[in-house]
Amino acid sequence: MRSLHLIVFIIISLFVRASKSVGGFCSAPSIDEETKPIYWKVTNPTLSPSHLQDLPGYTRSVYKQDHALITPESHVYSPLPDWTNTLGAYLITPAMGSHFVMYFAKMKGMSSSGLPPKNVERLVFVVEGAVMLTNTSSSSTKLTVDSYAYLPPNFYHSLDCLDSATLVVFERRYEQLGSHTTELIVGSTDKQPLLEIPGEVFELRKLLPVSLAFDFNIHIMDFQPGEFLNVKEVHYNQHGLLLLEGQGIYRLGDNWYPVQAGDVIWMAPFVPQWYAALGKTRSRYLLYKDVNRNPL
């Protein structure tokens, strides 16, 4: 019993220490923090792996049949197959029940990407640094933080990095629908229009066209402190989520999880889900959602 009390005391002490530190859970953003690049907390979370080093065996990560919370202290990086000088951490894969893959790619200096398997589509979103995208026409486009590229299945391309960059990558086997075909799309979040969501208060942008050709989309959702989802969602779609900024509470099934920038969530079909933003700064997350296909 004494050891249990000690563990609880250590956990509470860590949270108090983090909350009182610069950029802590309850603090207002400092001047230094306001000068940081966008999404910097994805790779530098408030409650970082270093905060947990005095708790052997402790992690906030959770894996259940219908959802998973994958937090930074439990990410495992290894060389990405067919990529050069790049480490990857697979966060969501079919082994847990998903029909898509989501992973971080940490590209070092003079690194380049590999191609996805045959008939697999890919979307990359830059959270740190910059990469050059080159396609079959040999034209190159620079992708910086908050920009993205959708690469259709069997589309030759290369992502090259001279310095360093962190990407979040989504891949899935493309599900053809009649004669519809997808095409290369390059864009950035700030260029996408805000969409109306009747009954909701959060701001929504979609990174891909609302077209039958696409079998998934990526949503960018913004919540001001205190805002929350009005609908307690239960649906057939799967989700892969990366919290880009801020912090809040996510309900998954009968569980309630404190979450922060850098956390990743997988949601299986029909798991009850709900989110509320906490803290004193905007909360933003990136959300994968399968669309436009019959679930049969």
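Residues numbered from 1 in each chain as written. Predicted model: local features only at pLDDT ≥ 70, side-chain atom pairs only at ≥ 80, totals over all residues. Heavy atoms only, no water.

### Points about the confidence of the model for the protein chain
Overall, the prediction assigns the protein chain a mean pLDDT of 90, with 89% of residues at 70 or greater. A low-confidence stretch, residues 1-28 (pLDDT under 50), is modelled with 29 contacts involving residues beyond four sequence positions or located in other chains. (pLDDT = per-residue confidence, 0-100. Contact = heavy atoms within 4.5 Å.)

### Examining the pattern of salt bridges
Summed over the entire model, instances satisfying the criterion amount to 10 salt bridges. Across the pair Asp263 and Arg60 runs a salt bridge whose closest N-O atoms are separated by 2.8 Å. You can see Asp263 sitting in the loop between β16 (255-260) and β17 (264-267) and its partner Arg60 sitting in the loop between α3 (40-43) and β1 (62-63), a full 203 residues away along the chain. Across the pair, Arg60 and Asp263 agree in class, each one buried. Residue Asp222 is joined to Arg282 by a salt bridge in which the shortest nitrogen-to-oxygen separation is 3.7 Å. With Asp222 in strand β13 (residues 216-223) and Arg282 in the loop between β18 (273-278) and β19 (283-290), this residue pair connects regions lying 60 residues apart in the sequence. Residue Asp222 is classed as buried on the basis of its relative accessible area of 4%. Overlapping salt bridges, with partners in common, bring together Arg205, Asp222, Glu245, Arg282 and Arg284 in one network. (Salt bridge = Lys/Arg side-chain N within 4 Å of Asp/Glu carboxyl O. Helix = DSSP H or I, 4+ residues; strand = E, 2+ residues; numbered from the N terminus. Buried < 20%, exposed > 50% of the residue type's maximum accessible area, 1.4 Å probe, protein only.)

### Notes on the nonpolar core
The nonpolar side chains of soluble globular proteins are, as a tendency, buried together. Among the nonpolar cores identified, the biggest contains 34 residues, and Leu123, Phe125, Val168, Phe170, Leu242 and Leu244 are the most heavily contacted of them. For Val168, the residues in contact, after removing those within four places along its chain, are Met102, Tyr103, Phe104, Leu123, Val124, Phe125, Val127, Leu242 and Leu286. Judged by nonpolar contacts, the second largest core, of 21 residues, contains Leu241, Met267, Trp274 and Leu287. (Core = buried A, V, L, I, M, F, W, Y, C linked by side-chain atoms within 4.5 Å.)

### What about the sheet that holds β18?
Taken together, 3 strands build an open sheet; the order of strands is β16-β15-β18 and the sheet is antiparallel. Either end of the sheet is taken by a strand with one partner, and the two such strands are β16 and β18. The average undirected angle you get between the axes of adjacent strands in this sheet is 20°. Bridge analysis of strand β15 (residues 247-252) against β18 gives 6 bridges, and the strand direction is antiparallel. Across the sheet, Gln247 pairs through a bridge with Leu278, a residue of β18. (Pairing = 2+ DSSP bridges. Axes fitted to C-alpha atoms, helices over the stretch in contact; angles between N-to-C directions.)

### Section: the packing of aromatic side chains
Taken as a whole, this structure holds 16 aromatic pairs when the rule is applied. Here the aromatic rings of Phe223 and Tyr275 are separated by 5.2 Å at their centres, their planes lie at 70°, and the arrangement is edge-to-face. You can see Phe223 sitting in strand β13 and its partner Tyr275 sitting in strand β18, a full 52 residues away along the chain. Judged by relative accessible area, Tyr275 falls into the buried class, the value being 0%. One aromatic cluster is present, formed by Phe100, Tyr150, Phe170, Phe214, Phe216 and Tyr288 through successive ring pairs. A cation over a ring is seen here: Lys36 above Trp40, with NZ or CZ 5.2 Å from the ring centre. (Phe/Tyr/Trp six-rings, centres within 6.5 Å; stacked < 30°, edge-to-face > 60°. Lys NZ or Arg CZ within 6 Å of the ring centre and 35° of its normal.)

### Remarks on the sheet that holds β19
Strands sit in the order β1-β2-β17-β14-β19-β13-β12 across an open sheet of 7 strands; the sheet is antiparallel. The sheet is open, and its two borders are formed by β1 and β12 (203-206), each paired with just one other strand. Sheet analysis places strand β14 (residues 239-245) next to β19, joined by 6 bridges and oriented antiparallel. By the bridge assignment, His239 is partnered in β19 with Lys289.

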